[in-house]
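Listed below, chain by chain, are the residues.
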Amino acid sequence: MSLPGPAAPREGAGPESTPSPSETFPEASVADHVAAAHPAGELDREVLREALLPPEVPLPAPSTVAEAALRVRDLVALCRAREARWLAESFAGDPAPVLHRVALLEALAHALRATGDEAGAEAALEEAVQLVFGTGRHDHARALARTWGLAPTAVTGSPEADGAAPASAPAVRRGRRRAEPVRVGAEAEIDEAVLVVVAGAALPAPALPRSGSLDPRVLDQEEGRFEGALNAIAEVRSLVLGDPEPALRLGKAEVARLRDDPQAAVGPALEVIEAAEAAEDPLLDRLAVRARGVLAWALRGTDPAGAVSHALAALGSLRLVDDPALRVGLICDLVPALIAADQGRHATYAARRLDSLRRTLRDPADQVRPLLVVAAEAIAAGRADAASAPITEARRLARRERDHHGLLRADGLAAEAHRRAGRPLEAAAALRDAARSAQYLGDDLGTSLAERGRLLATELDLRADAMGLALDSGDAPGADGDAVAILTRLARTSGRPVLDAADGWQRAVDARIGRLLAVAVAAAGTGAADARARLAVLRDGASATIDAAPAGIADRTGRVEASRAYLEDRFAAAEAMLEGR
């Protein structure tokens, strides 16, 4: 006789699912090529292969100041700061629009800081401020200085106009004609709306964490920063240089991704792409790549074919970009999009490329996410045993880095792999490991209240799932241990506003019924009197818990009656099992 567990885990609970051009296909045409050549939705393998190729080696030298600024940033990310500094200084004398020269100087500042030259970095940023000041946008210049945290001293403005010969690099900057001072620091008078817009565009959204999520309060602040800047643009558009709106839209989309709100991310990301296609500016093109990455994630549930197209378009534009982290991140979004689009064969191919490319990441800790994507693809493709190696490697790296979010997801995938391979006891053990990681994270003093509640719910769901598997497999001690762990955890968090009272009550009811079922499984067919007495005691305990339903619970009477009926049904089944019926 089968005794199912007391309740299935709630929808959406458990560890975070992780899963996720060549000349032939230029950046703007990859998605169009997919749609035009394959209206039925089947992707051309050659398009996928082209998109997943590594960058050209060696990369051709940048030909413009904007391209140089982007390459300098990439080199700094690759820990090649000295080469980045040399490249930036070699383009210091090339004419270019002021915004491109400002981008180059800002990239140079990153390179100088990476080599420990703080004074040189500050000088580069001061020169960027001077360039903006020289265009007549004085508030924009002062706002940049404030945003970059330049010291409260006077720096000189530059009379150079857009397209004129740029300032020399910091190392050879001598004999410059001094101009009107630009006051920076707290005492400078800056148009507040200009400061909001400039700071919003200059400071990107927080990076997507390797694992876990950001404090909701931080996300609220970031969302407010970008919303405020977008609302202020119309008022100050003539006072700022260039168009900061695409950068602000991208920031808004990336914050929506951090919030796990795909619907809010789609509109701003599409606007960034439209702006980039209209402007034909390399700096905007790079913003569009990031926007397409957001769309590859955001559209996965509603338009998986569109998500695939955006991921391929973004990857296709990276043929001349050496940024392993960006490339691997995009493929991590592409693989689950291919799975969602029912392109399993292509998802397997992309996952194999991902497994190879993730080794190009300098920091081994960054390999946890791609490894889990590879494992998730293997599970989705029905190759559960093939997921073992990447899960083991991901768990090893996460444990070494004390990445408990990574461990949580790795153990969740391991449980799914065992479940699909017909190993329920191993699956239950993996779920318990995941629950311990969730408990560790929930108890961390640095975890926000909202996140603590989510992690507690995840932990309890994992325990409930493990309890159900143990009951179905005849592991009575394991099931009882899981039920006791749920009740203990609920008791220790009682009075704390981390879990909805009704939710906690329902979980407690399920756990007490689970303990009753565990007794029946352990004594099945024996008719033992002590087991019968134990069942009666546990039935009374579950009944008392049901009677203690919170007063504010919606439809309290109906839920209490339903829980009591379920208890009686399970108690009758337990008695029958005890008698061998």
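From a predicted model like this one, the values you see are computed outputs, not experimental measurements. (Residues numbered from 1 in each chain as written. Predicted model: local features only at pLDDT ≥ 70, side-chain atom pairs only at ≥ 80, totals over all residues. Heavy atoms only, no water.)

Q: Would you mind showing me how to read the overall build of the protein chain here?
A: Helix and strand counts for the protein chain come out as 24 helices and 2 strands. Roughly 25,500 Å² of accessible area belongs to the protein chain as shown, and the carbon and sulfur atoms make up 52% of that amount. (Helix = DSSP H or I, 4+ residues; strand = E, 2+ residues; numbered from the N terminus. Areas by Shrake-Rupley, 256 points an atom, 1.4 Å probe, with all protein chains shown as cover.)

Q: Where do I start with unusual backbone geometry in this structure?
A: Peptide bonds are trans in most cases, and residues, glycine excluded, mostly fall at negative phi. A cis amide bond, omega -5°, links V57 with the succeeding residue P58. Within the secondary structure, P58 sits in the loop between α2 (45-51) and α3 (65-77). Positive phi outside glycine occurs at C79, with the angle close to 60°. Secondary-structure assignment places C79 in the loop between α3 and α4 (81-90). The exposed category is assigned to C79, whose relative accessible area is 56%. Within the chain, E280 stands out as a residue other than glycine whose phi angle is a positive 55°. One can find E280 in the loop between α11 (262-279) and α12 (282-298). (Buried < 20%, exposed > 50% of the residue type's maximum accessible area, 1.4 Å probe, protein only.)

Q: I'm lost on helix α19 (residues 424-443) in this one. Help?
A: An α-helical turn contains 3.6 residues, so any two residues separated by three or four positions project in the same direction. For α19, which comprises 20 residues, the first-to-last C-alpha distance of 28 Å matches the rise-based estimate of 28 Å (1.5 Å per residue) to within 8%. By the burial criterion, the buried members of α19 are A427, A428, A430, L431, R432, A434, A435, S437, A438, L441 and G442. In this fold, the buried residues of α19 make contact with α18 (404-420), α20 (449-473) and α21 (476-492). (Expected span 1.5 Å × (residues − 1). Contact = heavy atoms within 4.5 Å.)

Q: Whenever I open this one, the pattern of salt bridges confuses me. Can you help?
A: In a structure, side chains of opposite charge can pair up when their charged atoms sit close to one another. Applying the stated rule across the entire model yields 43 salt bridges. The partner of E223 in a salt bridge is R259, and the shortest N-O contact between them spans 3.3 Å. Remark: R259 occurs in the loop between α10 (245-258) and α11 and E223 occurs in helix α9 (residues 216-236); sequence separation between them is 36 residues. With a closest N to O distance of 2.7 Å, E568 and R539 form a salt bridge. Taken as a pair, E568 in helix α24 (residues 556-578) and R539 in helix α23 (residues 529-547) lie far apart in primary sequence, 29 residues in all. We classify E568 as partly exposed; its relative accessible area is 33%. Given a relative accessible area of 29%, R539 falls into the partly exposed group. It is possible to trace a salt-bridge network through shared partners that takes in R237, D243, E245, R249 and E271. (Salt bridge = Lys/Arg side-chain N within 4 Å of Asp/Glu carboxyl O.)

Q: Would you take a moment to explain the nonpolar core for this structure?
A: In summary, soluble globular proteins display a tendency toward joint burial of nonpolar side chains. In this structure, V72, V102, L104, V129, W148 and L248 are the most contacted members of the largest nonpolar core, which totals 54 residues. Among the elements of the structure, α3, α4, α5 (98-114), α6 (118-134), α7 (138-148), α8 (192-202), α9 and α10 are those that each provide at least two residues to this core. Here this core gets 10 residues from one element, more than from any other, and that element is α5. What L248 contacts, discounting residues up to four positions off in sequence, is V197, G200, A201, F226, A229, L230 and I233. Core analysis: the next-biggest nonpolar cluster, separate from the first, contains 51 residues, L312, C332, Y349 and L357 among them. (Core = buried A, V, L, I, M, F, W, Y, C linked by side-chain atoms within 4.5 Å.)

Q: What's the story with the packing of α12 against helix α14 (residues 324-340) in this structure? I'm lost.
A: When two helices pack together, their arrangement is given by the angle between their axes and by how far apart the axes lie. Interaxial distance between α12 and α14 falls to 9 Å at its minimum, and their mutual angle equals 30°. Put simply, α12 runs roughly parallel to α14. For α12 against α14, the interelement crossing comes out left-handed. Of the residues in α14, those touching α12 at R286, V289, G293, A296 and W297 are L326, L330, D333 and A337. For the contact of α12 with α14, the class distribution of residues is 6 nonpolar, 1 polar and 2 charged. (Axes fitted to C-alpha atoms, helices over the stretch in contact; angles between N-to-C directions. Parallel < 35°, antiparallel > 145°, perpendicular 65-115°, else oblique. Left-handed = near helix turned anticlockwise from the far one by under 90°. Nonpolar A, V, L, I, M, F, W, Y, C, P; charged D, E, K, R; others polar.)

Q: Looking at this model, I keep getting lost on the packing of aromatic side chains. Mind explaining?
A: Remark: the centre distance and the inter-plane angle together describe each pair of aromatic rings, the angle taken between the planes. Per the counting criterion, the structure on display carries 0 aromatic pairs. Cation over ring: R45 sits above Y349, and NZ or CZ is 4.1 Å from the ring centre. The lysine or arginine in question, R225, covers the ring of F226, its NZ or CZ lying 4.4 Å from the ring centre. (Phe/Tyr/Trp six-rings, centres within 6.5 Å; stacked < 30°, edge-to-face > 60°. Lys NZ or Arg CZ within 6 Å of the ring centre and 35° of its normal.)

Q: Whenever I open this one, the environment of D44 confuses me. Can you help?
A: Checked against the element boundaries, D44 lands in the loop between α1 (30-37) and α2. For the pair D44 and H346, spaced 302 residues apart in sequence, the C-alpha to C-alpha distance is 9.1 Å.

Q: Would you mind going over the confidence of the model for the protein chain with me for this structure?
A: Chain-level statistics for the protein chain give a pLDDT mean of 85 and a share of 85% at 70 or above. Taken as a whole, residues 7-40 scores under 50 in pLDDT and shows 65 contacts with residues more than four places along the chain or in a different chain. Note on residues 157-179: pLDDT under 50 across the span, and 59 contacts to partners over four residues away in sequence or across chains. (pLDDT = per-residue confidence, 0-100.)

Q: Sorry if this is basic, but what is going on with the packing of helix α22 (residues 501-522) against α24 here?
A: Close contact between α22 and α24 brings their axes to 9 Å; oriented N to C, the two are set at 10°. By the criterion of interaxial angle, the relationship of α22 to α24 is roughly parallel. Residues A502, W505, Q506, V509, I513, L516, L517, A520 and V521 of α22 touch α24, and the partners they reach there are R559, V560, S563, Y566, L567, R570, F571, A574 and M577. Of the residues belonging to the contact of α22 with α24, the class tally is 14 nonpolar, 2 polar and 2 charged.

Q: I'm lost on the environment of A253 in this one. Help?
A: With respect to the secondary-structure elements, A253 resides in helix α10. Placed 13 residues apart in sequence, A253 and V266 show a C-alpha to C-alpha distance of 7.0 Å.

Q: Please clarify how α10 should be interpreted in this entry.
A: Here α10 spans 20 Å end to end across 14 residues, near enough to the 20 Å set by a 1.5 Å rise per residue. Burial runs high along α10: 11 of the 14 residues are buried. Residues of α10 that are buried: P246, L248, R249, L250, G251, A253, E254, V255, A256, R257 and L258. Those residues of α10 hidden inside the fold are in contact with α8, α9, α11, α12, α14 and α16 (368-380). Trailing α10 by a residue or two, D260 shows a phi angle of about 60°, which is positive.

Q: Mind showing me how you'd approach the environment of E416 here?
A: Along the chain, the position of E416 falls in helix α18. Taking relative accessible area as the criterion, E416 reaches 25% and is therefore assigned partly exposed. For the pair E416 and I379, spaced 37 residues apart in sequence, the C-alpha to C-alpha distance is 7.7 Å. For E416, the side chain forms a polar contact with the side chain of R420, separated by 2.8 Å. (Polar contact = N/O pair within 3.5 Å; in protein donor to acceptor, adjacent residues only side chain to side chain.)

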